[in-house]
Every structure is written in C-alpha cells, then in structure tokens.
Amino acid sequence: MSQIINKRSEILFLYDIENANPNGDPINENRPRFDTESSTVLVTDVRLKRSIRDYWYEYKGFNGKNGTDVFVRETKYSEGDKEYIKDGKRRAKDFNEQVDEILKTCVDIRVFGGVIPLSNASITRIGPVQFQMGRSLNKTEIIEEQGTGAFAASSGKTQSTFRTEYKVPYAVIGFNGIINEKSAQYSLMTNDDKELLKEGIWEGTKALISRSKFGQTPLMLLVIDYNEPFYIGSLRQRLKLETGEMNEMQVRNVNDYRIDVTELLNELKANKEKIDSIEFRADSRLQLVYNGQLISKISKDEL
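In short, a report on the structure. Remember, predicted model here, so these are calculated numbers, not experimental data.

**Some points on helix α6 (residues 191–207)**
Next up, step 1: Here α6 is 17 residues long and its end C-alpha atoms lie 23 Å apart, about the 24 Å a rise of 1.5 Å per residue gives.
Next up, step 2: The principal kink in α6, of about 30°, is found at Gly-200.
Next up, step 3: Two or three places before Asp-192, at the start of α6, stands the capping residue Thr-190, its side-chain oxygen 3.3 Å from that residue's backbone nitrogen.

Given below as structure tokens:
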C-alpha cells in the first residue's frame with residue numbers, strides 16, 4: 001500500500017482559456033467572475049477541484065465499481081417512477097455511514113477533505129490539498145455575445161428565443177496550492193493520491209470540453225516538495241507576464257507573451273536547502289524568462 005504523505009508540497013498551476021467563460025457566477029447572469037479594480041478574471045478553487053473530480057470519475061473510472069470512488073458527485077435514487085438526485089446524507093448511506101470506508105474508497109475526500117453528513121451528526125475532514133482562488137496574470141475584459149435559440153419561448157410564437165453569452169477573449173489563469181502533510185495523517189492521503197492529483201490538475205483541465213470551457217489548455221505545473229514543514233507562498237504573485245510593446249488587453253494566444261520567472265526562481269534559490277525536489281511540466285509553446293534569458297525548465301539542479 002502507498003505511504004501516507006509525510007512532506008509539505010507547494011503547487012503552481014497555469015492554464016489559458018480563449019474566447020470562453022472560465023468560471024461563471026450564477027448570481028450574476030453567469031458572467032465570468034471578475035475583479036473590476038484590476039481587470040483580471042477570477043476562478044474559484046471549487047471549479048478547479050470539480051475538473052479534477054470529473055476527470056477521476058469519467059476518465060479514471062472511479063465510479064464505485066472497482067473499490068475506488070468520488071464522493072462528491074451527482075448520484076441518483078428512484079422512488080416509484082421518478083428519479084431524484086441524492087443529498088449528502090443519502091450519499092453517505094452508500095457507504096453505510098462508515099467514515100473509515102469513505103476514506104478508504106473516496107480519493108476526493110482523502111485529497112480535498114469535506115463534510116460528511118451522517119444521520120445524527122456531521123464529520124468534517126480538513127483536506128491536505130487546498131487552493132487559493134485563481135486569478136489571471138493578464139488584464140482582460142468581459143465580452144457579450146448575442147445569439148438566437150432553436151426554439152420559441154412557448155407555443156404560438158413566431159420568433160425563436162434570444163440568448164446572451166459572456167466570455168473573456170483570452171486569459172492566463174494561475175493557481176497557488178498546498179499539500180499539508182499534517183492533514184494527510186487524518187485524511188489518509190497517500191503518495192499515489194498525490195500522483196492522481198497532479199494527473200487530474202493537468203488532464204482534468206484539458207478534458208473539460210463543455211461549450212463554455214472548450215479552449216482551456218494547461219500551460220505549466222510546478223510542484224515543490226520540501227524537506228521540512230515550510231512553504232514559500234504566493235508563487236503566482238511572483239510571476240510577471242511580459243507582452244513587449246503589445247498592450248496586454250490585446251493578448252490572444254500563448255505566442256503573444258513571455259512569463260518572467262525571475263522573482264520566483266530567486267526565491268527558490270534563497271530557500272534551496274529547504275527544498276527536497278522540484279517537478280516541472282510545461283506546454284512546449286510557453287516561453288519562460290529568467291534575468292532576460294529564455295529557459296526551458298525549472299529544476300532543483302539548476303537553482
């Protein structure tokens with residue numbers, strides 16, 4: 001059996017999205033979440049976690065049939081001739097309300113934690129993996145598109161319905177994350193679970209091919225393992241998107257900019273002795289710059 005995680009890790013993840021809605025706000029006409037002061041796009045940690053969970057369920061087959069499951073997903077039950085969506089209590093009953101069984105079976109609870117509602121109480125597990133809200137590195141704007149539907153609003157109408165969609169032209173979105181080895185002792189997150197997490201971050205983002213999300217592409221994943229209970233923090237904030245003479249509002253694809261990682265790498269160098277290992281993955285088109293020079297990777301050997 002894989003060992004329970006015993007080292008602190010820090011995560012930096014970048015992906016881009018083109019002419020789509022990275023994270024609609026249901027109480028604001030499903031417009032992209034947006035910081036008007038900085039003209040940047042916001043994406044909740046819940047959106048990222050959902051992409052990972054969906055990947056585990058749809059592509060890894062974690063559906064409860066092979067001893068591995070995803071607890072937080074839509075499941076249904078039937079009463080009479082009708083079908084209903086289960087609430088949390090009914091979902092817990094799928095595991096006979098046995099928390100140990102849920103932790104053993106459900107990778108998302110081991111990784112992200114969650115509230116497990118039981119008949120007489122609720123049990124909370126703090127997840128080892130936590131993400132801050134994602135934010136775009138570039139300034140952008142919300143564009144509005146009008147279209148027509150295929151059907152009329154009701155019988156007897158001579159015109160089809162109109163629809164409005166809200167998108168951003170292009171955004172490079174960055175997430176900071178942490179894996180807390182202390183919490184892993186309680187949620188039982190293993191090193192195998194960590195590998196599934198990294199796979200889910202990258203491939204889950206790529207696999208999200210809904211109408212509003214098609215166009216998302218993972219750009220960079222940096223995972224830093226520390227040899228002591230320490231982390232640098234604010235990795236995304238140490239990046240700088242460079243567009244040369246182009247206004248960043250005009251950026252439309254990965255070839256329009258470079259990512260300056262000078263501040264990030266200098267901080268990694270300053271804390272080199274606390275770093276056990278660095279794992280790096282990037283899209284081949286992404287241009288990274290350190291002290292004005294293009295670099296191809298980030299590794300501990302080169303710190």
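Let us keep going from here.
**Quick notes on the sheet that holds strand β15 (residues 240–242)**
Adjacent strands of a sheet pair through backbone hydrogen bonds, lying either parallel or antiparallel.
Next up, step 1: Strand order in the open sheet made by the 4 strands is β15-β16-β18-β19, with mixed pairing throughout. Only two strands of the sheet have a single partner each, and these edge strands are β15 and β19 (293–295). Sheet twist, expressed as the mean angle between neighbouring strand axes with direction ignored, is 40°.
Next up, step 2: With 3 bridges connecting them, β15 and strand β16 (residues 258–260) associate as antiparallel partners. For Lys-240, the partnering residue across the bridge sits in β16 and is Asp-260.
Next up, step 3: Sitting on the sheet, helix α7 (residues 262–270) touches β16, β18 (288–290) and β19, and the angle it makes with β18 is about 60°.

**Here we look at the pairing of strand β1 (residues 9–20)**
Next up, step 1: Extensive coverage of β1 is indicated by the burial of 10 of its 12 residues.
Next up, step 2: Both β1 and strand β14 (residues 217–226) contribute to a ladder of 8 bridges, which runs antiparallel. Following the sheet pairing, Phe-13 is matched in β14 by Leu-221.

**Observations concerning helix α1 (residues 45–58)**
An α-helix turns once per 3.6 residues; consequently, residues spaced three or four apart project the same way.
Next up, step 1: The terminal C-alpha atoms of α1, which comprises 14 residues, lie 20 Å apart, in line with the 20 Å expected from a rise of 1.5 Å per residue.
Next up, step 2: The complete set of buried residues in α1 reads Arg-47, Leu-48, Lys-49, Ser-51, Ile-52, Arg-53, Tyr-55 and Trp-56.

**Quick look at the packing of aromatic side chains**
Next up, step 1: As enumerated under the stated definition, the model contains 8 aromatic pairs in all.
Next up, step 2: Centre to centre, the rings of Tyr-170 and Tyr-257 are 6.1 Å apart; their planes meet at 45°, and the pair counts as tilted. Placement of the pair is Tyr-170 in strand β13 (residues 162–179) and Tyr-257 in the loop between β15 and β16, with a sequence separation of 87 residues. Each of the two residues, Tyr-170 as well as Tyr-257, counts as buried.
Next up, step 3: Relative to Phe-230, the ring of Tyr-226 lies with its centre 5.4 Å away and its plane at 85°, an arrangement referred to as edge-to-face.
Next up, step 4: Owing to a relative accessible area of 0%, Tyr-226 belongs among the buried residues under this scheme.
Next up, step 5: Here the guanidinium or amino end of Arg-90 rests over the ring plane of Tyr-77, the centre of that ring lying 3.8 Å away.
Next up, step 6: The cationic tip of Lys-274 hangs over the ring face of Phe-230; the distance from NZ or CZ to the ring centre is 4.2 Å.

**Here's the deal with the environment of Gln-98**
Next up, step 1: Within the element layout of this structure, Gln-98 appears in the loop between α2 (88–93) and α3 (99–105).
Next up, step 2: In sequence terms Gln-98 and Phe-13 are 85 residues apart; their C-alpha atoms lie 34 Å from each other.

**Remarks on the nonpolar core**
Across soluble globular proteins, you tend to see nonpolar side chains buried next to one another.
Next up, step 1: Residues Trp-56, Phe-131 and Leu-197 are the most contacted members of the largest nonpolar core, which totals 32 residues.
Next up, step 2: Broken down by secondary-structure element, the contributors of at least two residues to this core are β1, β5 (40–43), α1, α4 (107–112), β10 (129–131), β13, α6 and β14.
Next up, step 3: Apart from residues no more than four positions distant in its own chain, Trp-56 is found in contact with Gly-61, Phe-62, Val-70, Val-107, Asp-108, Val-111, Phe-112, Leu-196, Leu-197 and Gly-200.
Next up, step 4: Among the nonpolar cores identified, the runner-up in size contains 30 residues, and Leu-12, Leu-241, Leu-264 and Leu-265 belong to it.

**Structural notes on the pattern of salt bridges**
Next up, step 1: Summed over all chains, the structure comprises 27 salt bridges.
Next up, step 2: Here Asp-69 makes a salt bridge to Arg-91, at a shortest N to O gap of 3.1 Å. Here the residue Asp-69 occupies a position in the loop between α1 and β6 (76–79), and Arg-91 occupies one in helix α2, the gap between them amounting to 22 residues.
Next up, step 3: Overall, the relative accessible area of 5% leaves Arg-91 in the buried class.
Next up, step 4: We note a salt bridge from Arg-238 to Glu-267, for which the minimum N-O separation is 3.7 Å. Of this pair, Arg-238 sits in the loop between β14 and β15 while Glu-267 sits in helix α7; the two residues are 29 residues apart in sequence, bridging distant segments of the chain.
Next up, step 5: Of the residues examined, Arg-238 reaches a relative accessible area of 17% and is grouped as buried.
Next up, step 6: Exposure remark for Glu-267: the relative accessible area of 27% places this residue in the partly exposed category.
Next up, step 7: It is possible to trace a salt-bridge network through shared partners that takes in Asp-69, Arg-73, Lys-86, Arg-91 and Asp-94.

Rules used throughout
Residues numbered from 1 in each chain as written. Predicted model: local features only at pLDDT ≥ 70, side-chain atom pairs only at ≥ 80, totals over all residues. Heavy atoms only, no water. Helix = DSSP H or I, 4+ residues; strand = E, 2+ residues; numbered from the N terminus. Expected span 1.5 Å × (residues − 1). Bend = angle between axes of the 7 residues up to and from the residue. Polar contact = N/O pair within 3.5 Å; in protein donor to acceptor, adjacent residues only side chain to side chain. Pairing = 2+ DSSP bridges. Axes fitted to C-alpha atoms, helices over the stretch in contact; angles between N-to-C directions. Contact = heavy atoms within 4.5 Å. Buried < 20%, exposed > 50% of the residue type's maximum accessible area, 1.4 Å probe, protein only. Phe/Tyr/Trp six-rings, centres within 6.5 Å; stacked < 30°, edge-to-face > 60°. Lys NZ or Arg CZ within 6 Å of the ring centre and 35° of its normal. Core = buried A, V, L, I, M, F, W, Y, C linked by side-chain atoms within 4.5 Å. Salt bridge = Lys/Arg side-chain N within 4 Å of Asp/Glu carboxyl O.

Interpretation note: all reported values are geometric properties and have no functional meaning in isolation.
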